[in-house]
Every structure is written in C-alpha cells, then in structure tokens.
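These are the residues of each chain, in order.
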Amino acid sequence: MPESIPESLQTKIEERLRYYEDLGIRLFYRDREPSLVSPENSSPAIPQASSVSIPEESSLPKAKAKVAVPVVAASVPRIAPVIAPSGPSLFEVVEKVQDDSLLKIREDLGECTRCKLHKGRNKLVFGDGSPKAQLVFVGEGPGADEDAQGLPFVGRAGKLLTQMIEAMGLQRKDAYICNVVKCRPPENRTPEPDEVKTCSPYLLRQIDVINPKVIVCLGAVAAKTLLETTRGISQYRGEWQEWRGRKLLATYHPAYLLRNPPAKADVWKDLQKVMAELGLQLPKKKS
Ligand code: URA
C-alpha cells in the first residue's frame, strides 16, 4: 500500500501539476538520478520577497491617456553581447526585405518546415495585435492553447499578460504580441539554438516592420535571443537596453508569475517604466 501524502504536500503537488498543465505539459517521467536544472535555462531564480505591495491579477491599477514621448536611445546602456562563437550575429544574417510587411513575412513563412518544430505543430503562431503598435511583447514560443488556436498568449499566462496590458491603460489589441519561435516545442521545452536561429529572422523582420518604441522581452529566452547574450535575465531585468535603435526591457515571463506571484511586484515596476516611456499615466486616485 502506498503511504498517504500529507495534505499540505498534496495541495502543493496539485498546484504544481496545474501549473504544468497550464503550460501544456501532461506527461511526466521519473529521473533515475536527481537532475540539476540550471535556472537560466528554465525560469529565472525566485526573487527575494520584497516589501513592495504586490499587485494581484485582478487589482492591477488602471491607466489612461496615451501621449507619445520621444525615445532617447543614446542614453540607454547596452549589455555586452555574448555572441555564439559558431556564427555571425543574428542581426547580420537577416537581409533587409524591400517594402517588407507583416503579410509578406507571413507569406514567406508559409507552411514552414525549416526546423524540426513543424513536426509537432498544429498551428503556426505568427503574432497578434496592432501592426502599428508602439509596444511589442516577445515571448518564448507557443504552448498548447496557442498551438491549438494559432494565437500567442491565449492560455492562463496569456490571460495574465492581457491583464497586465490592461493595467497599463492599453488594450491587448493596442500592442503586438509574438514569440521567438512560431511553433510549439514538444512538451513546451525551451526552444533549441537551431530552432531559435532559424525562426528569429522572422521575429526581427516583424519588429522592424512594426517599428515600436518599446520592446518588452517576456522571460529569458526572448531576452537572450534579442540581446544575444548568455547572461541571466535577473542580471538586467527592468533595465533599459538599446536594441537596434529602440528601447528594450526584459521582464519575467507571465508563466513564471503564475508560479511566483510575489514577482508580480517587480514586473509591475518594469511595466511602469514602459508606461513612462510611452507617456501612459495612471489615473489620479479620487480623494
Ligand atoms: N508562452 C509564450 O512564451 N508564448 C506564448 O504564446 C504562450 C505562452
């Protein structure tokens, strides 16, 4: 007879399983040896609980009024890039396409079979939102819900992202949302370097066509890809970076926030920086 599990542990296990299910992970294998997972390659390290009050999903503040503020790229620090030694910079290999457009990029992708991710794909997830957005969010890659619907960030993490956008005083359709890879990695594993290398030229073209003022990288994969760095996201999260003449800020992935709600305080601080840059203001409290 198996030993009974204490109720508190059972609740924790249930919560964790629900989190994995949200990510589309439904199969589990037991390691023979305990494995060491590098936090850099999965989710960022759990930040220390801060004294800042934590905005709850339903109580993120509302903002209004949209006034554009010019971007001063020159004052933005650049992370020292750590470019993969095996090839040229991602940005050097992307050829400029004449009169490029989102439609052209989508057509170029077609029924893409350029990398192995196409094998398990139901729907390619191109991107969603305004082609003229001042703000672009870049995630990692589609999960199960996104793969089923062909739209980015529509699962539980996506709902949280939508709430975060709304708390900034925007609607989801005002921003543009896309991912580093356009097809779902099996069991939602981290995209592999060859997959990122194959897919990211299309991401770069999307960003160039949209020409946003601000790019927000959601999580380590997006941040490391665009900044071409191996440095962990916790080292530069919330700090403005210069990226191809635009401003880029990396913050935690919404899926991480679902697991670690206290980190919402950090993300909210980051998003307030983005709001300031875009001239978005929180409404004044009624006295
Ligand atoms: N996570 C991502 O990184 N992207 C999605 O589209 C959904 C979940």
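A. Highlighting the sheet that holds strand β6 (residues 240-243). Strand order across the open sheet formed by six strands is β2-β4-β3-β5-β7-β6, with mixed pairing between neighbours. One side of each edge strand has no neighbouring strand; the edge strands of this open sheet are β2 (128-129) and β6. Strand direction decides the pairing type here: strand β3 (residues 135-139) and strand β4 (residues 176-179), joined by four bridges, are parallel. Residue valine 136 lies in a different strand from β4, and its bridge partner there is tyrosine 176. Packing of helix α7 (residues 220-227) onto the sheet brings it into contact with β3, β5 (214-218), β6 and β7 (246-251), and relative to β5 it is tilted by some 130°.

B. Up close: the site of the ligand. Every residue lining the ligand is accounted for by Gly139, Glu140, Gly141, Glu146, Pro152, Phe153, Asn179 and His253. Between the ligand and glutamate 140, the relevant distance is 2.7 Å, taken from an oxygen atom to a main-chain nitrogen or oxygen of the residue. With respect to the ligand, the backbone of glycine 141 contributes an N or O atom lying 3.0 Å from a nitrogen atom. Its free accessible area being 240 Å², the ligand has 92% of it covered by the protein chains. Residues that form the shell around the ligand fall into these classes: two nonpolar, four polar and two charged.

C. Highlighting the packing of helix α3 (residues 102-109) against helix α6 (residues 193-210). Contact pair α3 / α6: the axes reach a minimum separation of 9 Å and the direction vectors enclose 165°. When the axis of α3 is compared with that of α6, the two are roughly antiparallel. Between α3 and α6 the crossing geometry is left-handed. Between α3 and α6, the contacting residues are Leu102, Lys104, Ile105, Asp108 and Leu109 on the first element and Tyr202, Arg205, Gln206, Val209 and Ile210 on the second.

D. A look at a nonpolar patch on the surface. A contiguous nonpolar patch, built from Ile5, Leu9 and Ile13 and spanning about 240 Å² of accessible area, is present on the exposed surface. Among the secondary structure elements, isoleucine 5 is positioned in the segment before α1 (7-22). Isoleucine 5 gets classed as partly exposed once you look at its relative accessible area, which sits at 43%.

E. Up close: the state of the cysteines. In the structure shown here, the tally under the stated rule is zero disulfides. There is no disulfide at cysteine 178, and the cysteine sulfur nearest it, in cysteine 217, is 9.6 Å away. Owing to a relative accessible area of 1%, cysteine 178 belongs among the buried residues under this scheme. Of all cysteine sulfurs in the structure, the one in cysteine 112 sits closest to cysteine 183, which takes part in no disulfide; the separation is 6.2 Å.

F. α6, seen in detail. For α6, spanning 18 residues, the distance from its first C-alpha to its last is 25 Å, which sits close to the expected 26 Å at 1.5 Å a residue. Inspection of α6 places Glu195, Val196, Cys199, Ser200, Pro201, Tyr202, Leu203, Leu204, Arg205, Gln206, Ile207 and Ile210 among the buried residues, and these make up the whole buried set.

G. How the structure looks around the pattern of salt bridges. Applying the stated criterion across every chain yields a total of 15 salt bridges. Ionic pairing is found between lysine 116 and glutamate 192, a salt bridge with its closest N-O pair at 2.9 Å. A residue pair is termed long-range when its members are at least 10 positions apart, and lysine 116 in the loop between α3 and β2 and glutamate 192 in the loop between β4 and α6 qualify at 76 residues. Between arginine 237 and aspartate 270 there is a salt bridge; the shortest N-O distance is 2.7 Å.

H. Expanded view of the pairing of β6. Here four bridges tie β6 to β7, and the two strands are oriented antiparallel to one another. From the neighbouring strand, glutamate 242 faces β7, where its bridge partner is lysine 247.

I. Highlighting the packing of aromatic side chains. Evaluated as defined, the whole model comprises one aromatic pair. Note that arginine 244 overlies the ring of tryptophan 243, its terminal NZ or CZ placed 5.4 Å from the centroid. The ring of tryptophan 240 has lysine 247 sitting right over it, with the charged end atom 4.5 Å from the ring centre.

J. Quick peek at the confidence of the model for the protein. Averaged over every residue, the pLDDT of the protein is 81; the share at 70 or more is 71%. Below a pLDDT of 50 lies the segment residues 31-55, which in the model reaches 34 contacts outside its immediate sequence neighbourhood of four places, other chains included. Segment residues 64-74: pLDDT under 50, and 27 contacts once partners within four positions in sequence are set aside and those in other chains are kept.

K. Just the pairing of β5, in detail. Counting buried residues in β5 gives five out of five residues, a clear majority hidden from the surface. Neither face of β5 is open: one carries Val214, Val216 and Leu218, the other Ile215 and Cys217, and all of them are buried. Two strands pair when backbone bridges link them, and β5 and β7 are joined in this way by five bridges, in the parallel orientation. Bridge pairing in β7 links valine 214 to lysine 247.

L. Inspection of the nonpolar core at higher detail. One finds Val138, Tyr176, Val180, Leu226 and Trp243 to be the most contacted residues of the largest nonpolar core, which totals 38 residues. For this core, the elements supplying multiple residues, two or more each, are α3, β3, β4, α6, β5, α7 and β7. When residues of this core are assigned to their parent elements, the largest contribution, seven residues, is made by α6. One finds Ile165, Ala175, Trp268 and Leu280 within the second-largest nonpolar core, a separate group that totals 32 residues.

Reading guide: rules and limits
Residues numbered from 1 in each chain as written. Predicted model: local features only at pLDDT ≥ 70, side-chain atom pairs only at ≥ 80, totals over all residues. Heavy atoms only, no water. Pairing = 2+ DSSP bridges. Helix = DSSP H or I, 4+ residues; strand = E, 2+ residues; numbered from the N terminus. Contact = heavy atoms within 4.5 Å. Axes fitted to C-alpha atoms, helices over the stretch in contact; angles between N-to-C directions. Near = heavy atom within 4 Å. Polar contact = N/O pair within 3.5 Å; in protein donor to acceptor, adjacent residues only side chain to side chain. Areas by Shrake-Rupley, 256 points an atom, 1.4 Å probe, with all protein chains shown as cover. Nonpolar A, V, L, I, M, F, W, Y, C, P; charged D, E, K, R; others polar. Parallel < 35°, antiparallel > 145°, perpendicular 65-115°, else oblique. Left-handed = near helix turned anticlockwise from the far one by under 90°. Patch = residues over 30% accessible without salt bridge, like charges linked within 9 Å, V, L, I, M, F, W, Y side chains within 5 Å. Salt bridge = Lys/Arg side-chain N within 4 Å of Asp/Glu carboxyl O. Buried < 20%, exposed > 50% of the residue type's maximum accessible area, 1.4 Å probe, protein only. Disulfide = S-S within 2.5 Å. Expected span 1.5 Å × (residues − 1). Phe/Tyr/Trp six-rings, centres within 6.5 Å; stacked < 30°, edge-to-face > 60°. Lys NZ or Arg CZ within 6 Å of the ring centre and 35° of its normal. pLDDT = per-residue confidence, 0-100. Core = buried A, V, L, I, M, F, W, Y, C linked by side-chain atoms within 4.5 Å.

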